[in-house]
Amino acid sequence: MPREDATRAAPVAPGSVLSGQVAAARRRLADGERLVFHVTTEGGGAAIDVRVRELSSVHLYVPDTLGVPDGARGLIAKTLGVDPSSFEVVPEP
């Protein structure tokens, strides 16, 4: 069975809180602002739940803490439809 891409972005429902957050982030990036997204982690063992503070319902699971920054960066970029180098990702303790 093929493994799913862990950074596959789910569709954003129009009118949802997330759609407003995505639109605001896209506007700020288009204005040349370099955004900082803060990620937190929960759990351990086989899967660590990674959440993005600025995008309320965006989260993913990674197998270990080493995958947190890259996994979060990829998912944020796909959710916003922007280049992954256009913003910063900061893991929080």
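Look up: the structure comes first, before these words.
We now turn to the structure provided with this report. Here the structure is a predicted model, which means the values were calculated and not measured.

1. Some words on the pattern of salt bridges
Then comes step 1: This structure, assessed with the given rule, holds 5 salt bridges.
Then comes step 2: For Arg53, the salt bridge identified is with Glu54, shortest N-O distance 3.7 Å.
Then comes step 3: On the accessibility criterion, Arg53 (51% relative accessible area) is exposed.
Then comes step 4: Look at the salt bridges and you will find they share partners, linking Arg53, Glu54 and Glu92 into a network.

2. Quick look at the nonpolar core
Then comes step 1: Counting 22 residues, the largest nonpolar core has Phe37, Val50, Leu55 and Ile76 as the members making the most contacts within it.
Then comes step 2: Those elements that provide at least two residues to this core are α1 (17-30), β1 (35-44), β2 (47-52), β3 (59-62), α2 (68-80) and β4 (87-91).
Then comes step 3: With residues up to four places along the chain from it excluded, the contact list for Val50 reads Val39, Thr40, Thr41, Val58, His59, Leu60, Val62, Val68 and Ala72.

3. Some remarks on the side chain of His38
Then comes step 1: Following the sequence through the fold, His38 ends up in strand β1.
Then comes step 2: Separated by 2.5 Å, the side chains of His38 and Glu54 make a polar contact.
Then comes step 3: In this structure His38 touches Arg51, Val52, Arg53, Glu54, Val90 and Glu92, once residues within four positions along its chain are discounted.

Parameters at a glance
Residues numbered from 1 in each chain as written. Predicted model: local features only at pLDDT ≥ 70, side-chain atom pairs only at ≥ 80, totals over all residues. Heavy atoms only, no water. Salt bridge = Lys/Arg side-chain N within 4 Å of Asp/Glu carboxyl O. Buried < 20%, exposed > 50% of the residue type's maximum accessible area, 1.4 Å probe, protein only. Core = buried A, V, L, I, M, F, W, Y, C linked by side-chain atoms within 4.5 Å. Helix = DSSP H or I, 4+ residues; strand = E, 2+ residues; numbered from the N terminus. Contact = heavy atoms within 4.5 Å. Polar contact = N/O pair within 3.5 Å; in protein donor to acceptor, adjacent residues only side chain to side chain.

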